[in-house]
Amino acid sequence: MPALVAAWGGLLALLFAAVNLLAVPFEWRLLVMLIWGIVDALPLTLGILVLWSFRKEPHGDAALDSQRLQARVAIALALLALLLNCAYLLWYYLSHVPRHG
């Protein structure tokens, strides 16, 4: 069950990151990104916990292998959402923050 929650949480985090970049007004984006950090922490944490808890279990069991796959997908989606938001922050810093010197 945690692997399934992690996979859906990863999809939710990616969707939340996309909506934040496309639909949220510019002046609210940084506040929304702070809230997003909580949304993105859930699939990363649950995915890592699932992989860690099954690390010594033998491969080949269909149920355990599917949970491992769900955990990997959750981690990948959450990292993609993190990459989107970090790329946005880098773009914002490079284009809007004045340089000293």
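Residues numbered from 1 in each chain as written. Predicted model: local features only at pLDDT ≥ 70, side-chain atom pairs only at ≥ 80, totals over all residues. Heavy atoms only, no water.

## Section: the overall build of the protein
Then, number 1: Helix and strand counts for the protein come out as three helices and zero strands.
Then, number 2: Scanning the protein from its N terminus toward the C terminus, one meets helices and strands in the order α-α-α.
Then, number 3: Over its C-alpha atoms the protein spans a radius of gyration of 17 Å, topping by over 25% the 13 Å that the globule rule assigns to 101 residues.
Then, number 4: Each of the 101 residues in the protein was classed as buried or not, and the buried ones make up 30%.
Then, number 5: Accessible surface for the protein amounts to roughly 6,800 Å². Of this, 76% is attributable to carbon and sulfur atoms. (Helix = DSSP H or I, 4+ residues; strand = E, 2+ residues; numbered from the N terminus. Rg over C-alpha atoms; globule rule 2.2 N^0.38 Å. Buried < 20%, exposed > 50% of the residue type's maximum accessible area, 1.4 Å probe, protein only. Areas by Shrake-Rupley, 256 points an atom, 1.4 Å probe, with all protein chains shown as cover.)

## Looking at the packing of aromatic side chains
Then, number 1: Evaluated as defined, the whole model comprises two aromatic pairs.
Then, number 2: Plain terms: the ring middles of Tyr-88 and Trp-91 are 5.8 Å apart, the flat faces sit at 35 degrees to each other, and that makes the pair tilted. Of the two residues, Tyr-88 and Trp-91 are both situated in helix α3 (residues 62-96); the distance of three residues between them amounts to about one turn of the helix.
Then, number 3: We classify Tyr-88 as buried; its relative accessible area is 9%.
Then, number 4: Each residue in the set Tyr-88, Trp-91 and Tyr-92 is aromatic and connected to the rest through ring pairs, giving one cluster.
Then, number 5: Positioned over the ring face of Trp-52 is Arg-55, at 4.0 Å from the centre of the ring. (Phe/Tyr/Trp six-rings, centres within 6.5 Å; stacked < 30°, edge-to-face > 60°. Lys NZ or Arg CZ within 6 Å of the ring centre and 35° of its normal.)

## Focus: the side chain of Asn-85
Then, number 1: With respect to the helices, strands and loops of the structure, Asn-85 is situated in helix α3.
Then, number 2: Sequence-distant contacts of Asn-85, that is, excluding residues within four places in its chain, are made with Ala-17, Asn-20, Leu-21, Met-33 and Trp-36. (Contact = heavy atoms within 4.5 Å.)

## Some thoughts on a nonpolar patch on the surface
Then, number 1: Among the surface-exposed residues, Met-1, Leu-4, Val-5, Trp-8, Leu-11 and Leu-42 lie close enough to one another that they form a single nonpolar patch of about 620 Å² accessible area.
Then, number 2: When residues in the nonpolar patch are grouped by element, the largest group, four residues, is from helix α1 (residues 2-22).
Then, number 3: Relative to the helices and strands, Met-1 resides in the segment before α1.
Then, number 4: Residue classification places Met-1 among the exposed positions, given a relative accessible area of 68%. (Patch = residues over 30% accessible without salt bridge, like charges linked within 9 Å, V, L, I, M, F, W, Y side chains within 5 Å. Salt bridge = Lys/Arg side-chain N within 4 Å of Asp/Glu carboxyl O.)

## Observations regarding the packing of helix α2 (residues 29-53) against α3
For any two helices packed against each other, one specifies the inter-axial angle together with the distance between the axes.
Then, number 1: Remark: α2 packs on α3, axes separated minimally by 8 Å, with the N-to-C direction vectors making an angle of 155 degrees. In terms of orientation, α2 and α3 fall into the roughly antiparallel class. The handedness of the crossing between α2 and α3 comes out as left-handed.
Then, number 2: Broken down by class, the residue content of the contact of α2 with α3 amounts to 17 nonpolar, three polar and four charged. (Axes fitted to C-alpha atoms, helices over the stretch in contact; angles between N-to-C directions. Parallel < 35°, antiparallel > 145°, perpendicular 65-115°, else oblique. Left-handed = near helix turned anticlockwise from the far one by under 90°. Nonpolar A, V, L, I, M, F, W, Y, C, P; charged D, E, K, R; others polar.)

## Regarding the side chain of Asp-40
Then, number 1: Relative to the helices and strands, Asp-40 resides in helix α2.
Then, number 2: For Asp-40, a relative accessible area of 4% gives the class buried.
Then, number 3: Once you skip the residues sitting within four places of it in the chain, Asp-40 turns out to touch Ala-13, Ala-78, Ala-81 and Leu-82.

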